[in-house]
Structures are given as structure tokens and as C-alpha cells.
Amino acid sequence: MTLKQLQPGDVVYAASHIVNDGSIPSLEYTAVIAAPGTRGVIINIGHLEETPERELFLVRFEDQELNLGPPTGCWPEELSAEPVNIPC
């Protein structure tokens, strides 16, 4: 399965560290939102006006207690449709 096949409500995984770029005021700037392999759920799929050709995924990632965190904008290269193998 690829990201292009996914819809809101589908599960995705962080493919890299996803950090706060300042767009989530309740979190410290550069705070880690999701480590590689963290599971999340797609809330919406869209694009920015400045880059209509690039998809942007709105995702809520799980925390350690499996609670969903704040909605976070992610580029396709930051996500995986399949679980990410994390080296030990």
C-alpha cells in the first residue's frame, strides 16, 4: 500500500523524526512530536496554497499512553504506509 491510496482515518507511521516547527504553540519549538515508527492516524489530506502540487497530510500521532497528540502537518517523505523497522 502507498500513501496515495490512503484516506482520512487510515493509519500511517512516522518515517523520520517529526519535530514542532512552531506551528503547534502548545509544544516547545523543535519538540519531538513523533519518533520513527510512531503510529498515527490521518485526519485530512490537502495542500498548501503555495505548493498545490504537493500533498500535505494532517496526522495525529500516538504518545506513550496511546493517546492521540495534536494534529500535525506532514509531508509524504516524513510518513510511511507500512510499519517502519527501527534498527536496534
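Just so we're clear, the structure is a prediction, and the values are computed from it rather than from any experiment. Along each chain, numbering runs from 1 in the same order as the chain's sequence is written. Side-chain atom pairs in this predicted model are given and counted only at pLDDT of 80 or more, local residue features only at pLDDT of at least 70, and totals for whole chains, interfaces and linings cover all residues. Side-chain measures here rest on the full set of heavy atoms in the structure, leaving out hydrogens and waters.

Glancing now at the confidence of the model for the protein. Scored from 0 to 100, pLDDT reflects the predictor's confidence in each residue. With 98% of its residues at a pLDDT of at least 70, the protein reaches an overall mean of 93. Put simply, DSSP H or I for four residues or longer makes a helix, DSSP E for two residues or longer makes a strand, and each gets a number counted from the N terminus. By mean pLDDT, strand β5 (residues 51-61) is the weakest element of the protein at 95, and strand β1 (residues 11-14) is the strongest at 97.

Our next topic: the environment of Q7. Tracing the sequence through the fold places Q7 in the segment before β1. Distance in space between the C-alpha atoms of Q7 and N44 is 7.6 Å, their sequence separation being 37 residues. Other than its neighbours up to four places away in sequence, Q7 contacts I42 and I45. Note on contacts: a residue pair qualifies if any of its non-hydrogen atoms lie within 4.5 Å across the two residues.

This part covers the pairing of β1. We call two strands paired when DSSP finds no fewer than two bridges between them. Note: β1 against strand β4 (residues 39-48), three bridges, orientation antiparallel. Residue V12 lies in a different strand from β4, and its bridge partner there is G40. Where β1 and strand β7 (residues 79-80) come together, two bridges link them in antiparallel fashion. Counterpart to A14 in the pairing with β7 is L79.

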